[in-house]
Amino acid sequence: METINSVLPLLILISPLIGFFINAVILPLGYRGFAKTPANLAGGVATFFIGASFVMAIMAFTQLSGSQAAAPSLLSHCFEWFNFGGLNIPFDLRIDKLSGLLVLIITGIGTLIHLYSISYMHDEECVGRYFSYLNLFCFNMLLLVLGDNLPLLFFGWEGVGLCSYLLIGFWYTDTEKANAGKKAFIVNRIGDLGFLIGMFMLFRELGTLTLPEINTLLADPNVVARIAPSITMICLSLFVGATGKSAQMPLFVWLPDAMSGPTPVSALIHAATMVTAGVYMIARLNILFELSPVALSVIAHVGALTAIFAGSIAVAQTDIKKVLAYSTVSQLGFMFLACGVGAYQTAVFHLMTHAFFKALLFLGSGSVIHACSGEQDMTKMGGLKKYLPHTHITMLVGSLAISGVPFFSGFFSKDEILYSTIALPGGISYLFIVGVITACLTAFYTGRMMSLTFYGNERMSHDVKHHLHESPGLMTGPLYALAGLAAFGGFLGVPHLLGDFLGHMPHYLSTWLDPVVPSKHLPLVGVKIPLHEGLVMAGSSIIAVGSYLLGVKLFKKVFFVKDLFAGFSSFHKVLEHKYYVDEFYDLIIVRPLRKISAFAGGVIDKYVVDGAVNGIGRGVRKVGSGLRMAQTGDVQSYGLMMLGGVIAIMIFIFKVLN
Amino acid sequence: MSVAIVILCVLSAMLAITMLFARNPVTSAMCLLGVLIMTAGIYGLIGEHLVATIQLVVYAGAIMVLFVFSIMLLNLNNEDTDYLKHPGVFYSAILLGLVVFGFLMYGLNEHFMNHRMDYQHGQFTPDLIRELGGNSKVLAHALFSKFYVSFEVISLALLIAVVGAVVLAKRKFD
Amino acid sequence: MDTSSLLSWIIFTPLIFAAIILTLPKQLENKFRTIALVQTFISAGLATYLYLNFDGASAAPQFVQLVSWLPEWGINYIVAIDGLSLPLVMLTAYVGPVAILGTWPHGDLRKEKFFVTLLMGLQTGMYGTFLANDLFLFYFFWEVVLIPMFFLIGIWGGKERIYATVKFFIYTMVGSLLMLVAIFWLLKTSAADFGAPTADFISLGRLQFAFDGTSFTSALTSPQSLLFLAFALAFVIKVPMVPFHTWLPDAHVQAPTIGSFYLAAVLLKLGTYGLMRIAIPLFPQAAYYFSDGFIVMGVIGIIYGAFCALSQTDFKKLVAYSSVSHMGFIVVGLFSFQKIALAGSLYQMINHGISAGGLFLIVGFLYERLHTRNLEEFGGLSKVVPVMAIAFMIMTLSSVALPGSNGFVGEFPILLGAFQVHPGYVLFAGSGVILGAIYALKAYQMVMLGPKTRTDLDHLPDLNTKEVLAMGVLIVFVFGIGFFPKTFFGKSDATLDAYGSTLIQKAGLQ
Amino acid sequence: MTNDILLQILAAFLFTIGMLVVLLRRDTIMILMGIELLLNAANLSLVAFSKSAGMIEGQIQVFFIITIAAAESAIGLSILVNLYRNFGSIKTQDATSLKG
Amino acid sequence: MRILEVFPAIALDESELYSLLPLILLSFGAVACLLAGCDKTRGRTWAFAISLGTLFFSIILGAYALLNPEIKLLGETLVFTSVTKTVSLMVMSFSFLAVILTYGQDKKEGLLSEIYALILFSTAGMILMMCTSHLLFMFIALEIMSLAIYVMVAMRRSSSFSAEAGLKYFILGGLASALLLYGTSLIFGATGSFQLENISEFLRSHPNPSFIFYIGLGLVITAMLFKVGAVPFHGWVPDVYQGAATNVTGFMGAAVKFTAFMAFSRIVQHLVFVEGVQGLKWFENYIWLVAAASMIYGNFVAISQTEIKRMLAFSTIAHTGYLLLGLYAMNLGDQSAGSVILYLFFYALSNLGAFAVISQFEEKNQKDLTLDQMAGLGLRHPVLGACLTLFLLSMAGIPLTSGFIGKYGLFNSVVNAGEVPLVVIAVLTSVVSVYYYLRVIVYMFMKESTAETASYQALRGAGVAAFISAAATLQFGLFPRAIIHFVKLISK
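Rules behind the numbers
Residues numbered from 1 in each chain as written. Chains lettered and ligands numbered in written order. Predicted model: local features only at pLDDT ≥ 70, side-chain atom pairs only at ≥ 80, totals over all residues. Heavy atoms only, no water. pLDDT = per-residue confidence, 0-100. Helix = DSSP H or I, 4+ residues; strand = E, 2+ residues; numbered from the N terminus. Contact = heavy atoms within 4.5 Å. Salt bridge = Lys/Arg side-chain N within 4 Å of Asp/Glu carboxyl O. Buried < 20%, exposed > 50% of the residue type's maximum accessible area, 1.4 Å probe, protein only. Pairing = 2+ DSSP bridges. Axes fitted to C-alpha atoms, helices over the stretch in contact; angles between N-to-C directions. Buried area = accessible area lost by both parts, 1.4 Å probe. Polar contact = N/O pair within 3.5 Å; in protein donor to acceptor, adjacent residues only side chain to side chain. Nonpolar A, V, L, I, M, F, W, Y, C, P; charged D, E, K, R; others polar.

(A) Spotlight on the confidence of the model for chain D. Confidence in the prediction for chain D averages 89 pLDDT; 99% of positions are at 70 or higher. On the interface metric, ipTM, the complex scores 0.89, and its pTM is 0.90.

Below, the structure is given as structure tokens:
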């Protein structure tokens, strides 16, 4: 792989930062306070800068695609970050084919969401603050993707965590929302610790943290043999980081709460970009992970488990954003499943398509909420189809895509994942079953969501109905754009089987990613055993369509599954309460933590440690006042004391002789 | 050793004990006077006539008078039995005193048994003194030749005594 | 300018100004702060000049000035600076103006002349301690620092000030007097080895002390260990390392804002600096032998301090305990005998100085305005005082060691380096990172976020210009160090490298 | 059993008694007398030693000691008078206002 | 044999005269003071002026006498070595300060003008005591000193405390001097000499002397320990310090302590630290014990005091412990003598200064200054408060002050002598001492002044004395080199 020194990565990275500074410092200074910055100005600035980096990203992309090299990459070396005592961490930014793709996704979707936000957040106060956060987030996300070494990646990794904290808690006067932000940050921190430890171990074994060097070192079998015993540990601790950031079991609890942030934020951060960081990281380090089958299978299982777990919860939610949140979690589970079975390209593929349709869905839901004047409960919606035509169309596309209805983007990626779970050497058959179940769950609750929202009778209150209105073009525009992507984005990764039909359409993505994320297994597809693939494809599409329609049909009148099958209600209760996970964590972690800290601060420190210190002091004073009694004030007692001294000295003398 | 010395020793010892236990200060003063006089006698008997004289004059003459005078002045002839109030203290003190005395006895005994000839003896054997013209003359010469500094310095002590007595006992404050 | 006596100028400039202040009449007392500000700026200027003329390429002490002081006892006035003391001196110099600006009196002045004089004396003591290259001189300044702080806490402090300040003084005395005995021992040995007693660090560094690590008792009773422990005790009390930390919360809580600022920003560093400068390099084998114990105590300190902080409702106490927790990292780094970690410890000293100092300033601002430190009585302030909210947020981030802030620059190398040798301990130390986030965010949320708890908050004045300047300087350092540590600490690298290699070699690790 | 040992024994005995007087009798004037007795005992042993050693230092010093003793008793008695003025008593147990 | 051959007539040559001259001057000055005191109206002022002048000139003479070679008068009864001359200079400087301190105080406390004379007398006694190496002459000098001090202590005639203190001091002092005397005679009996040098010669030749020598030595040491006020012979110290007029207390705390300790160290050096005498080892142990006991007892009891003079009295016991520590180290290490002198000098200075400050806040005939009365004093009178703080810090051995240098030198020499455990005890107890010294500072600066806060009595003399000793404390704390060098020089 050869490296082109270029300033583009730096520019791409810096431009949102500039926007951040303008919004955070300059404009407030100019207008004397955040609240006073005009919304459109703030939004315009922010959008301009992220847009600029989108343009530059395209330039970089073309430059990459233009080059003849096998694995071209643009590198901009900014400065030495750390450099002492054998720890050398340059501030290097690198765009290769993988990061290039993600940069496109981030900046592209980012731009759309910025646009959307301008009108969505128009009536809020402190819009300047909002947009500055948004830009800061883009900066960190880009740093995460562009960083050429793990510490830089970690920099972005924590940075996006911070921004999500800030944005979730954007309406901080509401303690609930503030708490949600705190929860997100802390849970992420737990993951980050894992990431740190992983980095430390890696450094301990390899003595470097720069990604290319790691890859080159790992190419050397001797090195691999040397570090073999600890690889699994390294991978697992890194994966802990991933679970934190990408909301996998057991650290997924923060994501649903994160929905209390503004909806565009959920779309950008908690659907499209940040939560996929874990997938990106694993894809980045695929060479490392390849070395540890154990870790891989753990990843696969965690992913599958999360997928089905979250999917089942989503079925029972009534808050539209919660539904989407859990579906996000479950889709991420899918991606990890793919990683776990070694289909990194597929994971990235699904990452991309998921970014499209999930962003779309969130924005759509945002538009719906916007229309219903802030109402998020689907049971108070229904029949919105005729009020919000554009929103309906676009969300329909999105829902079809996520359900995996054929020829929508979700269809291709999900199908590839399902197939790779059986067709790959690393594949494990029953994971396939899990995948399938999850797929039909997905389609089912998506259908339910659509029907509860857009179809059926209108349940919204009167004044809400009175205010109903389709969102302005600034919001629908991005919706349509994303809808287009969600609809046709899948054709970047057409499987060979179909590709043959469609005039030998190649798997663009896989060819693009091959140099960075080598696909060891995909050639199997369609070449050796087309039958399998066909079966899987057909089956999954049938399941998808079927359960989607089922979802739509069933919930015209009723809200819950339990209303249809009475026997289901008990389990349904569990689902409603998200398997009581939050309560469980509260019981085993939060409460004990509080108790311990109260004990440490209130009892041990005050009475044991400090008590000892003060006790010594008190003891000395007691002894003093005791000895004081010897001073009776009577001359002759002093004289007797002297006599005692004399006797003592004489006894000493007596010792002289014997 | 002469019988007289033994008698004097025994007498002064008894007087001392009486002094210790006498109720009335005047009695004790008299006993003390007796002890001092006995001591003077002993000095005389061992041939230290000058010392004996001084002892008589200063001690018996000056100091004891001073004592008796102040006893009278402050008419302190009331009985002092407070020291018997705490028998514990009393007997323990007596015991301690006996211990000290025992140590001294032990030491003296040990000294006179083994060590009395340790050091170089002085030149002033009795016959040399006799040759030089008698005890008083020798001492007088020594006093004014070899020890004149001490002799001078003593005057400071006396001066202080005078000043102190005046300062402390003067009735009228300025 | 002749730089031979530059260090002495840095040390004694505050003292000169103190003398000037003492001569001024009481009528001018509202000018005294301004004079103090001028003084701090002059000191900062001198320090900058020093920094610019410092040769980062050499590990040797520079700007050495030797004045014969008590040659009979082998004691000289030797001041010099090298890569270890340079950052700390710069820290002391640059937080000077911040301290004055950030604590500019709002209300009436109380014994202003005395106050300002003490501040200047304090600075002299701190500069002296960092610059002294003679053990006696070090001890001299080490003790001198106590006196102004004693008065600062005792006169301008809170309700329990007397208890706090006496505790602070006595606690430190216990350690430093035992250190004194150890110093005597060192001098005796040096007299035996070199013929004449000498107390300058370089020749002391050449001393060899018997150490027998065969069994614990033999190790404990061998002279090197005794000396090491005597010194270490003095220093860890100052750090403070659990369980010798209880003076710190009291002192911090009772001290006036500027007192706790200096306490957190500089005074605690005296302890770690002492460890780094004296206790560890002079007695490497003993230090290495006991390093596990110290690391364990450090880790315990990290976690324990974090837990204590978590349970506090007094804002200032919370920050104080967070200091305990953060200083634990430095101890871990120092005793891991690993170059990266050592460097990290030095950085962390500076970074903790900045972040903790900033947090204490924030506490001070709030106290000036609301006259309470109880977290429950705040809430929802960030709408009212956005600038303070931002400053507070940045300081919080720096104290939770977010990458890009200076805290990360300190903690990352420490953990990374320590992990290379003690993976197990670092796992626990890492949990301190999580707890750190928990209590820091808790504090931030209770103060700034949530609904307003009081009605009188509505027209709370935001930071005034002076305070903004003060925080601004700190913030510049937070991000400057966070992004360009090389620029700030580059001049220490040579020293750190030499230091680390000699240490590791002397400790018999290679 | 010769003179000087006998005198030494007497001196020791007087010394002990004197000490006991000082320590036991609560009457200040008695205490002063005790001190005199002590000095006297010292003189005695001094003279005896010096005599038996054939020297004259002892005797010479005795002059000085006697003088000192006179001075001391003068001071002591005036202090006693002073005490009597202030306390109206010369018992030691009455003068115990300074203690603790 | 002619008697004049045995006792040849004595003639003093010039240098001997010079070395005696300060003493003579002092005595004449004292007499002059007595005469000047007869003036009813301005007697005190006259006496003050005369005594001040006398001390001034005798200091100059003493300094001049330093140039003379070593002189031994009358068969080593009086020894004027560089050390003895120096220490007499120091003592005279203390008396100088004490005289200044007394001026003004005397009128307030109703002390008669004779006090100046007494100060001079006692100074002369002190000089003799430190210059002699003849046990009995030492006894005489001691008596001269003590008699004057007894009078000075009891001199506040309208105050019962003063009378009581005088009585206690007199009785115990008399007992002590009697012990000294009897001990001397026993030593004489055992070794046949009063001269310390000869006695140590004798001991070298007779490695196991007779038992009464040990007893005598024990008694002598007891008497000296009493004078320096070490446990368990310390009973008088607090009561006397408290009962005496504060200027007298200051004088005692400085000069008397200094003198007694010098004499004591001389005795110990010659009689205890003798090579090869087995029995004396036990005396060293005894000193060890007494040192430890004094340090612990003094500091611990001082903590529970609420009256400052009494507290300082107990702290002085503790300091005696430290000094004994240095003394104990003398036979082990060589440079201890110098460091002990230094420590004594510095300590005496700050002690005197402290009492000088205290005396300015006491009412007439007041027993003592309680801590409550000191509340807020430092803030009300910053300069005096600063001075007292300085003195207290110096006693606590905190840098910037001479006390630190003294303590440093002392402990350093002890550690060099290899006596680490005792130093550790000393250090730990001195932490305790820091506590009660700090408490005074706390009261002065950190408590608000109340109704019963003591009022400031304008005493010019005391102020000057306090200021001088503060300056000295600071000076020697920062630039002690000269004096250290000097002491090192003379103690060789």
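There is more to say, and it comes next.
(B) Here's a closer look at the environment of A:Glu470. Checked against the element boundaries, A:Glu470 lands in the loop between helix 19 (462-467) and helix 20 (473-488). Distance from A:Glu470 to A:Thr391, taken between C-alpha atoms, is 7.6 Å for residues 79 residues apart in sequence.

(C) Structural view of the arrangement of the chains. Of all 8 pairs of chains in contact, the one with the most contacts involves chains B and D. Nowhere do chain B and chain C come into contact; their C-alpha atoms are at least 39 Å apart. A gap remains between chain C and chain D, with no contact made and the closest C-alpha atoms lying 25 Å from each other.

(D) Structural detail: the pattern of salt bridges. With the rule as written, the count across this model stands at 28 salt bridges over all chains. D:Arg26 is the salt-bridge partner of A:Asp634, the closest N and O atoms lying 2.9 Å from each other. Linking A:Asp634 in the loop between helix 27 (581-628) and helix 28 (635-657) with D:Arg26 in the loop between helix 1 (3-24) and helix 2 (28-52), this pair reaches from one chain into another. The buried category is assigned to D:Arg26, whose relative accessible area is 13%. For E:Lys168, the salt bridge goes to E:Glu164, with nearest N and O atoms at 2.7 Å. Remark: E:Glu164 and E:Lys168 occur in helix 7 (residues 160-191); sequence separation between them is 4 residues, near one turn of the helix. For E:Lys168, a relative accessible area of 0% puts it in the buried group. By relative accessible area, which is 0% here, E:Glu164 ends up buried. One network of salt bridges, with partners in common, ties together E:Glu164, E:Lys168, E:Asp239 and E:Arg310.

(E) Representation of the sheet that holds strand 2 (residues 73-84) of chain A within the structure. Residue and element names in this part refer to chain A. Read from one edge of the open sheet, 3 strands run 1-2-3, paired in mixed fashion. Edge positions in the sheet fall to strand 1 (3-5) and strand 3 (87-95), since each of these pairs with one other strand and no more. If you compare each strand with its neighbour and ignore which way they point, the axes differ by 50° on average. The pairing of strand 2 with strand 3 spans 9 bridges and is antiparallel. Its bridge partner being in strand 3, Leu-74 is matched across the sheet by Ile-95.

(F) Spatial organisation of the interface of chain E and chain A. Listed per partner, the contact involves 38 residues of chain E and 26 residues of chain A. Between chain E and chain A, a total of about 2,800 Å² is buried, with carbon and sulfur atoms accounting for 81% of that surface. Counting the surface chain E buries against chain A, the share from its top three residues, E:Phe211, E:Trp282 and E:Phe300, is 20%. For the pair chain E and chain A, the number of links is 0 salt bridges. Viewed at the interface, chain A and chain E are joined by 6 residue pairs in polar contact (both at pLDDT 80 or more).

(G) Structural detail: the interface of chain B and chain D. Tallying the contact residues gives 81 residues for chain B and 69 residues for chain D. Between chain B and chain D, a total of about 6,700 Å² is buried, with carbon and sulfur atoms accounting for 78% of that surface. It is B:Leu20, B:Phe67 and B:Leu168 in chain B that bury the most area against chain D; as a group they hold 9% of the surface buried on that side. With a shortest N-O distance of 3.6 Å, D:Glu57 and B:Lys146 are connected by a salt bridge. Those elements that place two or more of their residues in the side of chain B that touches chain D are helix 1 (3-21), helix 2 (25-45), helix 3 (49-73), helix 4 (87-115), helix 6 (135-145) and helix 7 (148-169) of chain B. Ranked by residue count, the leading element in the side of chain B that touches chain D is helix 3 of chain B, at 12 residues. Looking at the side of chain B that touches chain D residue by residue, the class counts come to 57 nonpolar, 15 polar and 9 charged.

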